[in-house]
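Topology and contacts: notes
The chain contents come next:
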Number of protein chains: 2
Amino acid sequence: MNFLEERILSDAVVKDGAVLKVDSFLNHQVDTDLVEQIAQEFHRRFAHKPITKVFTIESSGIAIAYAVARQFGVPLVFAKKSGSVNLDGETYIADIPSFTHKVTNRVIVGKRFLQSEDRVLIIDDFLANGYALQGLISLVDAAGAQVWGLGVAIEKGFQEGGDRIRNLGYHLESLAIIDAMDPATGTITFRNNGGTK
Amino acid sequence: MNFLEERILSDAVVKDGAVLKVDSFLNHQVDTDLVEQIAQEFHRRFAHKPITKVFTIESSGIAIAYAVARQFGVPLVFAKKSGSVNLDGETYIADIPSFTHKVTNRVIVGKRFLQSEDRVLIIDDFLANGYALQGLISLVDAAGAQVWGLGVAIEKGFQEGGDRIRNLGYHLESLAIIDAMDPATGTITFRNNGGTK
């Protein structure tokens, strides 16, 4: 079991509806030592790749993506949700179905910030159905840039997003893959994660 | 002129309606070296204070606030806008008028993440009318915790927010205070900033 899986077992809370609450250490209160460790691990896993930009979507992935960008010594770019003010100029746009499938969220990135020569590492805190990551991939594609890898802290392995992205041929690294979780007992079962010592 | 003022002169764009675009280096694309320098400067200015938590609001302040929290070795907490999913449990709530005054944005923080013994440093990227910072202050007050300082990267000194917060007795540090800017010529005038060498 790696450091993130241990932390999830210790501090995450399983809720009804396939919800895993990690708000005490990852996406509301943020343990900066843990996020630094996550960033170092992503850097180790993608270290052989000549990444020029780290790309995420506001807002819960920003802290992790910032720390990863620091590791690579490259800029961070975060796509904005359409409610954000002050976006002008030429933009790329992707529409992402929400978790509940009831609405669609529009995400936007300024064209100036993704160039065709960019080699992009996409980072996010969670991967479930994969729609957010697919939206980010489509923004990179629209720019004519290349996705050289995707890293997520926590993948819900019992949802289809991870398999879908891997089947498209992308190099996806998830630091903790949850194959099952039970809100009644709080039990969390991790996938045997060969990528981590 | 300090490093941030120099960067603003070099890369920021003045738009009509008192809008300063810093999206190429601060709040859409993020220059991680610059943000690290900003964080080190905030740490220097508040170093004598026994801060236990850095507090910001999603999402454009998160990268800076994360870097500051790393400097202090304390957790980052970011308040969420009310559209965010997955907030349950007891929360503190503040209502913040938007920049256009047409709507009110609700911001929320879990009660577990602000304790009465916390000594809080509030960080944000921008200060204009000050409503966002005042909302964050009210959340800290609601928790019975103490605001030990506020740090913003860029203050629009020609709007009333900074004076209002200083008049309330808070220790506010702004790394760059803009006293005037002219969209026709692109001219930006900084306040003589005694806090910076």
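Now for a description of the structure that goes with this document. (Residues numbered from 1 in each chain as written. Chains lettered and ligands numbered in written order. Predicted model: local features only at pLDDT ≥ 70, side-chain atom pairs only at ≥ 80, totals over all residues. Heavy atoms only, no water.)

This brings us to the side chain of A:Lys156. Residue and element names in this part refer to chain A. Examined against the element boundaries, Lys156 turns out to sit in strand β9 (residues 146-156). Despite being buried, Lys156 has no salt bridge partner; Asp125 is the closest side chain of opposite charge, sitting 10.0 Å away. For Lys156, the residues in contact, after removing those within four places along its chain, are Ala18, Val19, Leu20, Phe126, Leu127, Ala128, Ile178 and Met181. (Helix = DSSP H or I, 4+ residues; strand = E, 2+ residues; numbered from the N terminus. Buried < 20%, exposed > 50% of the residue type's maximum accessible area, 1.4 Å probe, protein only. Lys, Arg positive; Asp, Glu negative; His and termini not counted. Salt bridge = Lys/Arg side-chain N within 4 Å of Asp/Glu carboxyl O. Contact = heavy atoms within 4.5 Å.)

One way to put it is that helix α3 (residues 62-72) of chain A packs onto helix α3 (residues 62-72) of chain B with a least axis distance of 9 Å and a crossing angle of 65°. Judged on the interaxial angle alone, α3(B) and α3(A) are roughly perpendicular. Two packed elements cross with a definite hand, and for α3(A) against α3(B) that hand is right-handed. Along its contact with α3(A), which presents A:Ile62, A:Ala63, A:Tyr66 and A:Ala67, the element α3(B) presents B:Ile62, B:Ala63, B:Tyr66 and B:Ala67. (Axes fitted to C-alpha atoms, helices over the stretch in contact; angles between N-to-C directions. Parallel < 35°, antiparallel > 145°, perpendicular 65-115°, else oblique. Left-handed = near helix turned anticlockwise from the far one by under 90°.)

How big an interface is tends to be expressed through the accessible area that disappears when the partners come together. Taken together, the contact between chain A and chain B spans 38 residues of the former and 38 residues of the latter. Between chain A and chain B the total buried area reaches about 3100 Å² when both faces are included, carbon and sulfur atoms providing 52% of it. Viewed at the interface, chain B and chain A are joined by 6 salt bridges. Between A:Arg70 and B:Glu36 there is a salt bridge, with the nearest N and O atoms lying 3.4 Å from each other. Applying the counting rule to chain A against chain B returns 24 residue pairs in polar contact (both at pLDDT 80 or more). For the side of chain A that touches chain B, the secondary structure elements donating two or more residues are β2 (19-21), β3 (29-30), α2 (32-45), α3, β5 (76-81) and β7 (104-110) of chain A. Ranked by the residues each element gives to the side of chain A that touches chain B, the list is headed by α3(A), at 6 residues. Grouping the amino acids of the side of chain A that touches chain B by side-chain chemistry returns 18 nonpolar, 9 polar and 11 charged. Direction of pairing for β3(A) relative to strand β5 (residues 76-81) of chain B: antiparallel, over a ladder of 2 bridges. Bridge pairing links A:Gln29 to B:Val77 in β5(B). (Buried area = accessible area lost by both parts, 1.4 Å probe. Polar contact = N/O pair within 3.5 Å; in protein donor to acceptor, adjacent residues only side chain to side chain. Nonpolar A, V, L, I, M, F, W, Y, C, P; charged D, E, K, R; others polar. Pairing = 2+ DSSP bridges.)

Tallied over the entire structure, the rule returns 1 aromatic pair over all chains. Between A:Tyr66 and B:Tyr66 the ring centres are 6.0 Å apart and the planes differ by 70°, which places this aromatic pair in the edge-to-face class. Here B:Tyr66 lies in helix α3 and A:Tyr66 lies in helix α3, a pairing that spans two chains. B:Tyr66 matches A:Tyr66 in its accessibility class, with the two residues each being buried. (Phe/Tyr/Trp six-rings, centres within 6.5 Å; stacked < 30°, edge-to-face > 60°.)

This brings us to the environment of A:Ala47. Within the element layout of this structure, A:Ala47 appears in the loop between α2 and β4 (53-57). Measuring from C-alpha to C-alpha, the distance between A:Ala47 and A:Ile62 comes to 20 Å, with 15 residues separating the pair along the chain.

Let us look at the packing of helix α1 (residues 3-11) of chain A against α2(A). A pair of packed helices can be characterised by two numbers: the angle between their axes and the separation between those axes. Residue and element names in this part refer to chain A. Where α1 meets α2, the axes come as close as 10 Å, and the angle between the chain directions of the two elements is 145°. Between α1, through Phe3, Leu4 and Arg7, and α2, the contact on the second element is made entirely by Leu34, Gln37, Ile38 and Glu41. Partitioning the contact of α1 with α2 into residue classes produces 4 nonpolar, 1 polar and 2 charged.

Before going further, it helps to examine helix α4 (residues 131-142) of chain A. All names here are of chain A. Its 12 residues place the ends of α4 16 Å apart at the C-alpha level, agreeing with the 16 Å of an ideal helix rising 1.5 Å per residue. Three or more residues of α4 are buried, namely Leu133, Gly135, Leu136, Ile137, Leu139 and Val140. Gly144, located one to two residues past α4, shows a positive phi value of around 75°. (Expected span 1.5 Å × (residues − 1).)

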